[in-house]
Amino acid sequence: MNYLHALGNSLGNFSSLAAVGVLLGGTLLGVFVGVVPGLGGIVLLVVLLPFLYNVNPVIGLALLLASHSAIYYAGSTTAILINTPGAPESAATCIDGYAMTSKGHVGRALGISAAATTFGGWFGALVLFAAIPVMVPLVNVFHPPEYFFLTVLAVVLIGQLQSGSPTKGILSGLFGFLLSFVGAAASTGSLRFTFGQLGLYNGINVAAAAIGLFAISQMFIMFGSNRSVVGSTQLRLSREVWADVGIGVRYVIRHLWLTTRAAVVGVVCGVIPGIGSTAANFLSYGYVMQSSKHPETFGTGEPDGILAPEGSSISKECGALIPTVALGVPNGPAMAVLLAAFSILGLAPGPAMIHQHLSLVFWMVIVIAVASLLASVLGLGLAPLLAQITVIPGRVLVPFVLVLAAIGTYASTTDLLQVSLMVVFGAVGLLLRRFGYSLPAVIVGLVLGTTAENNLILTQKLYGWRFVDRPLADVLIVAIVAVIGLGARRRRRARTAGVAVAATAAEAAVPGTRPRPPLWEVLFDVAWVVGLAAYVYGARRYPSPADIAPLYLGIAALVVALFQLLGVFVPGLRRVTHGDPAAPGMHMIPLPRPAAPDVAASGEAGAGELRPPAPEPAPAGAAMTEMVTTVTASRAPAGPAVAEPAAVEPIVVEEPAAGRGESLRQLAAVALAAALVGGVYLFGYTLTVPLWTFLYFAAVRRWKLRASVVAAAAMLGAFYLASRLLTSVLFPHGIL
């Protein structure tokens, strides 16, 4: 398709009221969800997946990408207002954003964030427009061996960045691959690992698995935490705040070159698969800080400290679309979900996407650009209301998400077995979180498993071992090995520098030692070995070539699992197999302590001056020697060295390891979800949805009768909306 013709077709979508309405609705939805810590963009994306079935790709992509783009500015709003990032990607904005709020410059901080986010989104869109013609010759370079190793590289990259150790990251990705082989084999039609269940003949539904792994497991954690999302903070924003917003917007306009540089960092990080969204924002922050003439002001309310991460916030998503669309290699969990959306909408990334659906590629770019502007405008106007949403108790959100997920999963699959699997994956996701495995790597493996299997079979048939004669395939193999090796080295350097999760007191007293993992983790390691051995034994029974991918990748996973178990008994291996003894899931980010309001600065700073007064020279030990570009022990590559605020305290972005009481509450949450599915099997959706909701709020939350009835009625209304208006699915009435 002609380049200009495809661009014209994509712009023509604005003549459709449905497309424009969905774009606006998705943006508004992303703004509201983005301010709720613990949910985040990935949860919203996976919850929306079931509603993409039988939907025009133009509408489906507008819904997903508009909501995804809107989340980033919404997350920075709460980071600025109450020092709580709505999404991990907004954590870097907390450093100077909340400091500006503490000094009385909340309007300016919001204005800078809005303008920088919008500019970054439009800059990234322009870069993506320019890169689209380059994609066509790029995708023609790859053949089956290259595509297979690309899929392996993708899961290794994602797994290494969001796992507690190298082996856990690899196991996570291979686990996703093995799950994708459930169902009828495309090569022979042989049924694999279905156990006689008709609902598994088509495999594990991507939407059910993604909702379970991300959304449902997060609901279990929120229920177990037994506290409000962010506490009981109440905000009162006066009209004078909005008069200050224009000052922040004009600041960004006067510093467009600096904003452009931050956006360039975001695009580059997005193009490179595996860098990660959170790391990109911190890298942008560190780059701007190092290039500043006054780095000592960062952390005290420096406007550039907001401009930098916000400028790269959406631009990195535009960059991430390049490898996702051209090669099918996602850069992070959001792009992995987008790949799942492609499969639901009947789209295939790679040459087919570039040659046959170029107008849809342009449409994705346009949606991101427009949504970034709309989100900033809506976010500024709704900031007072959005800030109040964050004080909703987590246990109030849990039942609504569980019920909506159960409705959406059945709407997408029309199979109650997949709804049950959603809850099972929620429990599995909870265990994987607790023991430091990578959920994004699992879903990436599940999504790319079919691609990996098809290309592995073609590689064996067409090339055999001669694939090693292909230089690009050899480069990818070396890249896979290098990623694993460099990931382990990065963890070691991060521990040495003290920028990752703190080690236990025992390790601090005796450097280099690694205590034996807890009993539950050892049992989990044993379960890996037993389960994978059974998987490999079962794969041997299938006819060739249906057995090739399950057998080869199953053996690879078994070898890694055995090495993981060996680390329990060999202390020298525990750095690689179990990582730090600190609890997995605890992501600590150094943030400045709230400073007392700077009355003089607030009263004297005019419209043309946002710079906070330079602090007095800090003592030698207070200067920042390393910028935290890793939010977890393995989340991001080592970043540029920058200065650290003199006084910092950690903020927990994700849930810490659970104690005994919290673990019991999480088990109770799993039981509640199982009761919901059991009720649906017995009594159907129409009766179970309001009854389960009523009992939850009346018995668990101990609400008054009237409030419980209102909540049940609200959920019944949501079910009616989903079953009658949004879908044409007939929901089951139960067996009783």
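Here is what the cut-offs are and how they apply
Residues numbered from 1 in each chain as written. Predicted model: local features only at pLDDT ≥ 70, side-chain atom pairs only at ≥ 80, totals over all residues. Heavy atoms only, no water. Helix = DSSP H or I, 4+ residues; strand = E, 2+ residues; numbered from the N terminus. Buried < 20%, exposed > 50% of the residue type's maximum accessible area, 1.4 Å probe, protein only. Contact = heavy atoms within 4.5 Å. Areas by Shrake-Rupley, 256 points an atom, 1.4 Å probe, with all protein chains shown as cover. Patch = residues over 30% accessible without salt bridge, like charges linked within 9 Å, V, L, I, M, F, W, Y side chains within 5 Å. Salt bridge = Lys/Arg side-chain N within 4 Å of Asp/Glu carboxyl O. Axes fitted to C-alpha atoms, helices over the stretch in contact; angles between N-to-C directions. Parallel < 35°, antiparallel > 145°, perpendicular 65-115°, else oblique. Left-handed = near helix turned anticlockwise from the far one by under 90°. Nonpolar A, V, L, I, M, F, W, Y, C, P; charged D, E, K, R; others polar. Expected span 1.5 Å × (residues − 1). Phe/Tyr/Trp six-rings, centres within 6.5 Å; stacked < 30°, edge-to-face > 60°. Lys NZ or Arg CZ within 6 Å of the ring centre and 35° of its normal. pLDDT = per-residue confidence, 0-100. Polar contact = N/O pair within 3.5 Å; in protein donor to acceptor, adjacent residues only side chain to side chain.

A. Layout of the overall build of the protein. Each helix and strand counted, the protein has 29 helices and 4 strands in total. By the burial criterion, 59% of the 736 residues in the protein qualify as buried. Here the analysis covers contacts within the protein between residues at least 6 apart in sequence; of these, 81% occur between residues at least 24 apart. Summed over its atoms, the accessible surface of the protein is roughly 28100 Å², and 68% of this surface lies on carbon and sulfur atoms.

B. Focus on a nonpolar patch on the surface. On the surface, Tyr681, Leu682, Phe683, Leu687, Leu691, Leu695, Ile735 and Leu736 cluster together into a nonpolar patch covering about 780 Å² of accessible area. Counting residues per element, the ones that place at least two in the nonpolar patch are α27 (660–683) and α28 (685–700).

C. Structural detail: the pattern of salt bridges. Within this structure, the stated rule accounts for 3 salt bridges. A salt bridge links Glu521 to Lys168, with the nearest nitrogen and oxygen atoms 2.6 Å apart. Placement of the pair is Glu521 in helix α23 (residues 519–539) and Lys168 in helix α8 (residues 166–180), with a sequence separation of 353 residues. For the pair shown, Glu521 and Lys168 are each scored as buried. Note that Glu453 and Arg192 form a salt bridge whose closest N and O atoms lie 2.7 Å from each other. Of this pair, Glu453 sits in helix α20 (residues 439–462) while Arg192 sits in strand β2 (residues 191–192), and the two are 261 residues apart along the sequence.

D. Local environment of the packing of helix α15 (residues 333–345) against α20. Between α15 and α20, whose axes approach to 9 Å, the crossing angle comes to 25 degrees. Relative to α20, α15 is oriented roughly parallel. Crossing handedness for the pair α15 and α20: left-handed. Residues Pro333, Ala336, Leu339 and Ala340 of α15 touch α20, and the partners they reach there are Pro440, Ile443, Val444, Val447 and Leu448. Residue classes in the contact of α15 with α20 are distributed as 9 nonpolar, no polar and no charged.

E. Just helix α5 (residues 91–102), in detail. For α5, spanning 12 residues, the distance from its first C-alpha to its last is 17 Å, which sits close to the expected 16 Å at 1.5 Å a residue. In terms of burial, α5 is a largely internal element, 11 of the 12 residues being buried. What α5 keeps buried is the set Ala91, Ala92, Thr93, Cys94, Ile95, Asp96, Gly97, Ala99, Met100, Thr101 and Ser102. Two residues or fewer past α5, Gly104 is found with a positive phi of approximately 90 degrees.

F. The packing of aromatic side chains, seen in detail. This model, assessed by the stated rule, comprises 22 aromatic pairs. Ring centres 5.4 Å apart and planes at 85 degrees place the aromatic pair Phe175 and Trp528 in the edge-to-face group. Residue Phe175 is located in helix α8, and its partner Trp528 is located in helix α23; the two are separated by 353 residues in the primary sequence. Each member of the pair, Phe175 together with Trp528, is buried. Measuring from centroid to centroid gives 6.4 Å for Phe223 and Tyr696, while their planes differ by 55 degrees, and the two rings are tilted. With a gap of 473 residues between them, Phe223 in helix α9 (residues 206–225) and Tyr696 in helix α28 connect regions that are remote in the sequence. For the residue pair Phe223 and Tyr696, the accessibility class agrees, reading buried in each case. Among the aromatic residues, ring-to-ring pairing joins Phe223, Phe400, Trp692, Tyr696, Phe697 and Trp703 into one connected group. Lying over the aromatic face of Tyr437, Lys168 brings its terminal NZ or CZ to 5.6 Å of the ring centre.

G. Structural view of the environment of Leu682. The topology assignment puts Leu682 in helix α27. On the basis of relative accessible area, Leu682 is assigned to the partly exposed category, the value being 33%. For the pair Leu682 and Gly734, spaced 52 residues apart in sequence, the C-alpha to C-alpha distance is 4.6 Å. Once residues lying within four places of it in the same chain are set aside, the contact partners of Leu682 are His733, Gly734, Ile735 and Leu736.

H. Region of interest: the confidence of the model for the protein. Per-residue confidence for the protein averages 76 on the pLDDT scale, and 75% of its residues sit at or above 70. Here residues 611–657 scores under 50 on pLDDT; set against residues more than four positions off or in separate chains, the count is 142 contacts.

I. The arrangement of the packing of α8 against α20 in detail. The contact between α8 and α20 brings their axes to 6 Å, and the two run at 45 degrees. It follows that α8 is oblique to α20 by the angle criterion. Like other packed secondary-structure pairs, α8 and α20 cross with a definite hand, here right-handed. Counted together, Gly169, Ser172, Gly173, Phe175, Gly176, Phe177, Leu179 and Ser180 of α8 and Ala441, Val442, Gly445, Leu446, Leu448, Gly449, Thr450 and Ala452 of α20 form the full contact between these two elements. In the contact of α8 with α20, the residues fall into 8 nonpolar, 8 polar and no charged.

J. Just unusual backbone geometry, in detail. Of note, the bond from Ser544 into Pro545 is cis; its omega dihedral lies within 30 degrees of zero at 5 degrees. Relative to the helices and strands, Pro545 resides in the loop between α23 and α24 (548–569). Phi angles above zero are rare outside glycine, and Phe195 is one such case at about 55 degrees. Tracing the sequence through the fold places Phe195 in the loop between β2 and α9.

K. Up close: the side chain of Glu146. With respect to the helices and strands, Glu146 occurs in helix α7 (residues 144–161). A polar atom in the side chain of Glu146 sits 2.7 Å from the side chain of Arg470. Among residues more than four places away in sequence, those in contact with Glu146 are Arg470, Leu472, Ala473 and Leu476.

L. Structural context of the environment of Val419. Mapped onto the elements, Val419 comes out in helix α19 (residues 416–434). Note: C-alpha distance between Val419 and Thr409 (10 residues apart in sequence) is 5.9 Å. Beyond its immediate sequence surroundings of up to four residues, Val419 is in contact with Ala406, Thr409, Tyr410, Val677 and Tyr685.

M. View of the environment of Phe298. Along the chain, Phe298 turns up in the loop between α12 (277–291) and α13 (304–313). For Phe298, a relative accessible area of 4% puts it in the buried group. Put simply, Phe298 and Ala99 are 199 residues apart on the chain and 9.8 Å apart in space, counted from C-alpha to C-alpha. Those residues within four positions of Phe298 in sequence are excluded, and the remaining contacts are Asp96, Tyr285, Val288, Met289, Ser292, Asp304 and Gly305.

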